[in-house]
Amino acid sequence: MEVCPKCFKCSLRTKLTLLIEGLVVIMVVVTGIITIMREKESLESELRKRGLALAADVAKFTASPLLSIDLPTLRRFVNHSMEQDYVRYVILFDPQGKVVMHSDLKEVGKIYNDTLTTSALKSVTSGSSRVSLSGQAEYYYDIFTPIYADDVRLGTVRLGYSHMAVEKEVDTAIRQIFVICEATIFVGAVFSFLLAAFVSSPIKKITDATGKVAGGDLSARLTIKSNDEIGALASSFNEMTENLQKTTISRDYVDNIIGSINDTLVVLDQDGRINNVNKATCELLGYTRKELIGRKMRSILPLQEQIFIEDGLQRVFGGEKIINLETEYLTKKGDEVPILFSATVMRSKDGISQGVVGIARDITERRKAEEALRHSERELRFLSAQLLTAQEKERRRLSVELHDELGQSLMVLKLRFRAIQRNWGNDEGLKKECDEVIAYMNEVTENIRRLSRDLSPLILEDLGLTIAVRRLVESSAKLYNIDCSLELVELDDLFSRDQKITVYRIVQECLTNIARHSDANRVTVILSRNKDSFFFNIEDDGQGFDMQEVFGPDHTRYSFGLSAMNERVRMLGGNFKVRSSKGRGTQISFVVPLES
């Protein structure tokens, strides 16, 4: 039994409705999945933070009773922690792994040698692991935190935090998202049907009217009133039926179609003379139709355009197309109007060339928008330069305050500790404690000095850019344990004071990025010059990165440092380049023209 194909035909309204509703369903499903995944990630992160905070509190409050072996107090803290939601167990270990207190009193006094306990006892910082309870399907976070008292490790806290909280919240979110998805899909279905009806209704009217004309009813007219393409088509259809009804020749019909086109249209003969134009061309150029007919095309194009001169016209007649050429029309007043010009040969049914049809679109507004965009970009770059300059000033101010205020305060505090040490010199314990505090203060003072130098490289003003860059590379190699090779020319006479700071910051940012992200063992830094330009190049043998990922649509997540370097190079008037691939290291370079 054959099935009639017509039974499976759908109307345009049905197709549009199904298409739009399908897109709505896909968007809703994808959005729901992404939302659930992000909600789960957020909840898991919050759960870990909550568990780490609880473990930190237990470590803080059990330090004193653990030091004095106050088991009742330890038991009270453990019981209080177990009262918190989703806490499955709390264990206090001494440094040797022996259980000092446990939420299960049967475990007190035992020594744990499992992997989690060993890892927790060795770790000097807090951490967590996602594991499952033995014989159960429930997941939980095993969180550990060391217990310290005056820099002496007294033991370790292990705390089991159930993953059930995340699962409950995710289930609730899924139910809410499902309800929202159902409502969105229903609303989308209604909207799709209304939109499809709105779009297909005038098309159906045009189809019905065309069928009547094809059947010989030349009195058919369309009553569609709109300012869009459908309205223009309806208007053209009515004009066509009127012309057919008046038995006019096809040329009049074609002229009416040409006259309704908003873009300019020019028809040329074999000699490159204008044979026909539409109304839009006359309005744009300021000529009447009679003034344009018979003119050479080159009279309304700039002299430098050779499209319709000599062999150029012959190439078009030979089949060569002109597509979206940006040029200008010359108006009757001598003004230039920017246009997007396309042209192709017009042939008869027998393939004989009858002329050239050229269509041009006025792009004056687009040119204005492009210029406004370029102006906005220049303003943004000026603002960026001002922000970087203000940042340098603020860094210099902070550097001075760190060096002068905090540095002097630490020095006074150090002298007072020296005085205490002298006055209580017979107390060896106190003397040793004072020595340790003074050593720690020396370390803090050195860190403050290094931070002050990083904030504002005073060495630039004292010793110049050349020595400052050399010291920066040497200190970075020592600090980050990287083998650095430096090729350096004399830089101090090449740049102004502000430019020296900019060059220094670029080198500093490069070295910092390499230390943080590249995992490199060797770095080569080259700063050289030729007659009229300065060249900078830095290469490392690190892990590299994917250029498309870093400079792709989501580049703001990865390339803030590179963007800052690029902006600083632009402030110098140079060109910034980055080459990298995963596993093959990274090369950063730029060239800056030097003033003669």
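Scope of this entry: the structure provided in the associated data block. Here the structure is a predicted model, which means the values were calculated and not measured.

Attention now goes to the overall build of the chain. Across its full length, the chain holds 16 helices and 15 strands. The 596 residues of the chain split such that 37% are buried. Look at the contacts in the chain between residues 6 or more apart in sequence, and 55% of them connect residues 24 or more apart. Within the structure as shown, the chain displays about 37100 Å² of accessible surface, and the carbon and sulfur contribution to it stands at 55%.

This part is about the sheet that holds strand S14 (residues 575-580). Sheet strands pair via backbone hydrogen bonds, and the direction of the pair is either parallel or antiparallel. Taken together, the five strands give an open sheet; going across it, the order is S11-S12-S13-S15-S14, and neighbouring strands pair in mixed fashion. With partners counted over all chains shown, the strands left at the sheet margins are strand S11 (483-488) and S14, one partner each. On average, each strand axis in the sheet is inclined to that of its neighbour by 10°, with strand direction left out of account. One ladder, built from eight bridges, connects strand S13 (residues 533-540) with strand S15 (residues 586-593); its direction is antiparallel. Bridge pairing links Phe-535 to Val-591 in S15. Relative to S11, helix H13 (residues 465-480) is tilted by about 170°, and along the sheet it contacts S11 and strand S12 (522-529). Helix-sheet contacts for helix H14 (residues 497-518) involve S12, S13 and S15, and the interaxial angle to S13 is about 10°.

Further remarks concern helix H2 (residues 71-82). Working note: α-helix, 3.6 residues per turn, so residues spaced by three or four point in the same direction. The end-to-end C-alpha distance of H2 is 16 Å, a good match for the 16 Å that 12 residues give at a rise of 1.5 Å each. Among the residues making up H2, those that are buried are Thr-73, Leu-74, Val-78 and Ser-81. Down the axis, H2 shows its buried residues gathered within 140° of arc, on one side only. Residues of H2 that are exposed and point over 90 degrees away from its buried face: Pro-72 and Arg-76.

Here strand S1 (residues 87-93) pairs with strand S2 (residues 99-102) via three bridges, running antiparallel. The residue bridging Phe-93 from the neighbouring strand is Val-99, located in S2. Linkage of S1 to S2, two consecutive antiparallel strands, is achieved through a turn of five residues, within which Gly-97 is found at a positive phi near 90°.

A cluster of acidic residues, Asp-150, Asp-151, Glu-433, Asp-435 and Glu-436, forms a negative patch at the surface. Relative to the helices and strands, Asp-150 is located in the loop between strand S4 (139-149) and strand S5 (152-162).

Attention shifts here to the packing of aromatic side chains. Here the structure, examined in full by the defined rule, presents five aromatic pairs. Centre to centre, the rings of Phe-61 and Phe-77 are 6.1 Å apart; their planes meet at 25°, and the pair counts as stacked. You can see Phe-61 sitting in helix H1 (residues 12-67) and its partner Phe-77 sitting in helix H2, a full 16 residues away along the chain. Judged by its relative accessible area of 27%, Phe-77 falls in the partly exposed class. With centroids separated by 6.1 Å and ring planes inclined at 55°, the aromatic side chains of Phe-534 and Phe-590 adopt a geometry described as tilted. Taken together, the positions of Phe-534 in strand S13 and Phe-590 in strand S15 put the pair 56 residues apart, joining distant regions of the chain. Phe-590 carries the same exposure label as Phe-534, and that label is buried. Through pairs of rings, three or more aromatic residues link up here, namely Phe-495, Phe-534, Phe-536 and Phe-590.

So, how was this worked out
- Residues numbered from 1 in each chain as written.
- Predicted model: local features only at pLDDT ≥ 70, side-chain atom pairs only at ≥ 80, totals over all residues.
- Heavy atoms only, no water.
- Helix = DSSP H or I, 4+ residues; strand = E, 2+ residues; numbered from the N terminus.
- Buried < 20%, exposed > 50% of the residue type's maximum accessible area, 1.4 Å probe, protein only.
- Contact = heavy atoms within 4.5 Å.
- Areas by Shrake-Rupley, 256 points an atom, 1.4 Å probe, with all protein chains shown as cover.
- Pairing = 2+ DSSP bridges.
- Axes fitted to C-alpha atoms, helices over the stretch in contact; angles between N-to-C directions.
- Expected span 1.5 Å × (residues − 1).
- Arc of directions from axis to C-beta.
- Patch = residues over 30% accessible without salt bridge, like charges linked within 9 Å, V, L, I, M, F, W, Y side chains within 5 Å.
- Salt bridge = Lys/Arg side-chain N within 4 Å of Asp/Glu carboxyl O.
- Lys, Arg positive; Asp, Glu negative; His and termini not counted.
- Charge placed at Lys NZ, Arg CZ, Asp CG, Glu CD.
- Phe/Tyr/Trp six-rings, centres within 6.5 Å; stacked < 30°, edge-to-face > 60°.

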